Amino acid sequence: MKEDMPVTGKAPVLVTRSSMPPFEEYSELIKELWESRWLTNMGDFHQRLEHELKAYLDTPGLTLFMNGHMALECVLRAFGLSGEVITTPFSFASTTHAIVQNGLTPVFADIRPDDYTLDPEKIEEKITEKTTAIVPVHVYGNICKVKEIEEIAGRHGLKVIYDAAHAFGEALNGESAASFGDASMFSFHATKVFHTIEGGAVAFKDRTLEHALNGLKNFGIMDEETVELVGGNGKMNEFQAAMGLCNLRHIAQEMEKRKKLYLRYRENLSGHPGIVLCPEPEGLRRNYSYMPVAFKDSFKNRDQVMAQLLEENIHPRKYFYPCINAYWCYRDRFSPEDTPIAGKVSREILTLPLYADLALETVDEICRIILRK
Ligand code: T4K
């Protein structure tokens, strides 16, 4: 959706801006498609990208999808889950919608107040005899308390499927974000640090999952005469895969550029009472995809900060407000009061502009506006 732009004469600064590979690189690659006429259905670029991403994400199994949401829907389906799934209300709509679209019941547990991920201490009290899985989110690239979550899951025989939409290329103590739990979904949407225009993937360790995921994304068709299961169409096409192959060549520089901006924000904003930045846990290799900042009323109300920035044609976003359990489409089904920390954070947080070609001076300007009385 395009934001309403105030007329200030200045070019708008949006929350993010897609990075593009050099035009010649992409056009050179897609030239092949005019010759082969093989545009989709797991073509050559699709296979190459799967292969390269397995290496980059250090995962034995990976299946590409047309977008992250479809990847999440399909992996939940592939595990044959039933009943209830414990998840976080502090995320993008996709996380819960994927659970509901599978005919499962989401059960919301509250989040941790510092890194906004699902709080392991709140999970156990939500487990019932109907619970079959936990779907935590590495929100803003903050890696969840994976050890604690997986220990609980192990004790109760639950699957753990991470929504790792924000965690591409991250690692914790040398372990890839793709290696946690039973499976992880990554989003390669145009707004992400690594993108395939639209796109996504499921990473997994158990190779038997590959068969189910490949079936689910292609109508359950296993060969020309065998339709093994009731699947849909979730295939990534060759133009998307080619974009991924190009962008992967530049991912290190992409993150390096973002890191400089991210650190500049931190330098400018840290140490101010009432401005809360995410913790930087030791051993976390970040991808610098988001710049979330929480504002306490003692400093300035979040909506006031937002209004001041909008006046200057700077467009941060309220990722993620409202919480999912307060969505209109889920009215009467859930009680947002059950997750008070998520509710509070969603009212305090703002995601500031961050993308590779943002100027350091613009970061400084954004911070000046924020710090203004
Ligand atoms: N789980 C989580 C935790 C997620 O955050 C997401 C997606 C998913 C699952 C699902 O993955 P996908 O199915 O999307 O792969 C955006 C993205 O569309 C969405 O992918 C992302 N999360 C979410 C956090 O942000 P919107 O509705 O805010 O997008 P939009 O159109 O308002 O764009 C935001 C800004 O991005 C614009 O101000 C400018 C910039 N932009 C946008 C587009 C479309 C570009 O620079 N290029 C573009 O092509 O959802």
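Computed from a predicted model, the values in this text were never measured in an experiment.

A. Fine view of the environment of Glu-312. Within the secondary structure layout, Glu-312 lies in the loop between α10 (302–311) and β16 (314–315). Judged by relative accessible area, Glu-312 falls into the partly exposed class, the value being 22%. Measuring from C-alpha to C-alpha, the distance between Glu-312 and Glu-365 comes to 9.9 Å, with 53 residues separating the pair along the chain. Not counting the four nearest positions on each side in its chain, Glu-312 is found in contact with Lys-10, Ile-369 and Arg-372.

B. View of the environment of Ala-109. Relative to the elements of secondary structure, Ala-109 occurs in the loop between β4 (105–108) and α5 (120–123). Exposure remark for Ala-109: the relative accessible area of 0% places this residue in the buried category. Distance in space between the C-alpha atoms of Ala-109 and Ser-176 is 25 Å, their sequence separation being 67 residues.

C. Here's a closer look at unusual backbone geometry. Going from Tyr-319 to Phe-320, the amide bond is cis rather than trans, its omega being 10°. Structurally, the position occupied by Phe-320 is in the loop between β16 and α11 (340–348). Omega for the bond connecting Tyr-321 with Pro-322 falls within 30 degrees of zero, at -5°, which places this linkage in the cis form. When you line up the elements, Pro-322 lands in the loop between β16 and α11.

D. Spatial organisation of helix α8 (residues 238–249). The end-to-end C-alpha separation of α8 is 17 Å, in line with the 16 Å expected for 12 residues at 1.5 Å each. For α8, the tally of buried residues reaches 10 of 12 residues, placing the bulk of the element in the interior. All of the buried residues in α8 are Glu-238, Gln-240, Ala-241, Ala-242, Met-243, Gly-244, Leu-245, Cys-246, Asn-247 and Leu-248. Looking at the packing, one finds that the buried side of α8 touches α1 (23–36), α2 (44–57) and α9 (251–269). Backbone nitrogen of Phe-239 and a side-chain oxygen of the N-cap are separated by 2.9 Å at the start of α8; the cap is Asn-237.

E. View of the environment of His-195. Secondary-structure assignment places His-195 in the loop between β9 (183–187) and β10 (200–204). Once the C-alpha coordinates of His-195 and Thr-96 are considered, the two residues, 99 residues apart in sequence, prove to be 22 Å apart. Apart from the residues lying within four places of it in its own chain, the contact partners of His-195 are Ser-18, Ser-19, Phe-188, His-189, Ala-190, Met-243, Gly-244 and Asn-247. Separated by 3.0 Å, the side chain of His-195 and the backbone nitrogen of Ile-197 make a polar contact.

F. Geometry of the site of the ligand. Around the ligand, the structure places 29 residues, and the nearest of them are Asp-163, His-166, Ser-187, Arg-317 and Tyr-319. Within the side chain of Ser-187, a nitrogen or oxygen atom sits 2.8 Å from an oxygen atom of the ligand. Taking Lys-192, its side chain carries an N or O atom lying 3.1 Å from a nitrogen atom of the ligand. Burial of the ligand by the protein amounts to 81% of the accessible area it has alone, namely 920 Å². Here the residues of the shell around the ligand are counted per class, giving 11 nonpolar, 13 polar and 5 charged.

Rules used throughout
Residues numbered from 1 in each chain as written. Predicted model: local features only at pLDDT ≥ 70, side-chain atom pairs only at ≥ 80, totals over all residues. Heavy atoms only, no water. Helix = DSSP H or I, 4+ residues; strand = E, 2+ residues; numbered from the N terminus. Buried < 20%, exposed > 50% of the residue type's maximum accessible area, 1.4 Å probe, protein only. Contact = heavy atoms within 4.5 Å. Expected span 1.5 Å × (residues − 1). Polar contact = N/O pair within 3.5 Å; in protein donor to acceptor, adjacent residues only side chain to side chain. Near = heavy atom within 4 Å. Areas by Shrake-Rupley, 256 points an atom, 1.4 Å probe, with all protein chains shown as cover. Nonpolar A, V, L, I, M, F, W, Y, C, P; charged D, E, K, R; others polar.

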